[in-house]
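Remarks on the overall topology
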Amino acid sequence: VLYRKVRKAMKFQFQLEGEHLNSNQWAFDNGYIEGDVEIYINGMLYFTETHVNVVELAFQLGKWLQLAVNGQLRNFTYDSIDCDEALLCFTVQEHGVLVHSPIERQQLDALSEETVKKAALGFLIELSIALHRIGYAERLDDLLKGLVSENTRALILLEQNEYNEAFTLIKKLANEKPSVQSLNNLAWFILREEEDRNAAREMLDRVL
């Protein structure tokens, strides 16, 4: 009998648009953006909550993640100003991290540290892009700087439609720290934005 190891996965999803996008200008200017949040674990919906202050959640997750990537993995509890009880908890155990929500009855097995960290970082990146696109004043840029590589940050800038800043960073990385990723990013940008096939080909030749 052959056994195949199944990789456990975790993913945050959120929705800012529609009825839960806060149209109150004071709330918008003061860091209160509501949204629907879902967490999928191993492809199954585990957690769902509406009217979550997604920026508040992001900053709390970001601070936990900063400690975790620096070797200080700790328990995490998301305490919202809008709720009397915790909505989401990470409990560090000997063999991984137990993701638990007091408002959900389902009990889960512990996930690996890397799985939970990857899910949290993915949420921060996607939310940062979404907030930039709606012109939200509170940004997650400083929070992400120590969590992603410069190459990844350049791609995030592209997704945020900040082309000049992205192109400047991509060129700098290709010149100062040439690598497969930085040269490929520059070739892609040149081909897409400048439609210069020859220049893009030169970059790819350097990659090869």
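I will try to describe carefully the structure that is included in this document. Quick caveat: nothing in here was measured; it's all calculated off a predicted structure.

What follows covers the sheet that holds strand 2 (residues 34-41). Strand order in this open sheet of three strands is 1-2-3, and the pairing throughout is antiparallel. Since the sheet does not close on itself, it has two edges, and those belong to strand 1 (10-15) and strand 3 (44-53), each with one partner. With strand direction ignored, the average angle separating the axes of adjacent strands in the sheet is 20 degrees. The pairing of strand 2 with strand 3 spans seven bridges and is classified as antiparallel. Among the inter-strand pairings, Gly35 is bridged to a residue of strand 3, identified as Val52. The sheet strands contacting helix 2 (residues 54-69) are strand 1, strand 2 and strand 3, and the helix crosses strand 3 at an angle near 115 degrees.

All right, on to the packing of aromatic side chains then. Going through the model one piece at a time under the given rule, you end up with six aromatic pairs. Here the aromatic rings of Phe76 and Phe90 are separated by 5.0 Å at their centres, their planes lie at 40 degrees, and the arrangement is tilted. Note that Phe76 is positioned in strand 4 (residues 76-78) and Phe90 in strand 5 (residues 88-93), a separation of 14 residues in sequence. Neither Phe76 nor Phe90 differs from the other in exposure class; each is buried. Site record: aromatic cluster; members linked through ring pairs are Phe12, Phe14 and Phe123. Just above the ring of Phe167 sits the side chain of Lys171; from NZ or CZ to the centre is 4.5 Å.

Core analysis: the biggest nonpolar cluster contains 44 residues, and Met10, Phe12 and Phe90 have the highest contact counts within it. For this core, the element with the highest residue contribution is helix 3 (residues 113-133), accounting for 10 residues. Look past the residues within four positions of Phe12 in its chain and what remains in contact with it is Val37, Glu38, Ile39, Leu61, Leu88, Phe90, Ala119, Ala120 and Phe123. Counting residues in each nonpolar core, the second largest holds 17 residues, with Ala154, Leu183, Leu186 and Phe189 among its members.

This part takes up helix 7 (residues 180-194). The end-to-end C-alpha distance of helix 7, which contains 15 residues, comes to 20 Å, matching closely the 21 Å that a straight helix rising 1.5 Å per residue would cover. Tucked into the core, helix 7 has its buried residues touching helix 5 (150-159), helix 6 (163-176) and helix 8 (197-207). Downstream of helix 7 by one or two residues, Glu195 has phi in the positive range, about 55 degrees.

Calculation criteria
- Residues numbered from 1 in each chain as written.
- Predicted model: local features only at pLDDT ≥ 70, side-chain atom pairs only at ≥ 80, totals over all residues.
- Heavy atoms only, no water.
- Pairing = 2+ DSSP bridges.
- Helix = DSSP H or I, 4+ residues; strand = E, 2+ residues; numbered from the N terminus.
- Axes fitted to C-alpha atoms, helices over the stretch in contact; angles between N-to-C directions.
- Contact = heavy atoms within 4.5 Å.
- Phe/Tyr/Trp six-rings, centres within 6.5 Å; stacked < 30°, edge-to-face > 60°.
- Buried < 20%, exposed > 50% of the residue type's maximum accessible area, 1.4 Å probe, protein only.
- Lys NZ or Arg CZ within 6 Å of the ring centre and 35° of its normal.
- Core = buried A, V, L, I, M, F, W, Y, C linked by side-chain atoms within 4.5 Å.
- Expected span 1.5 Å × (residues − 1).

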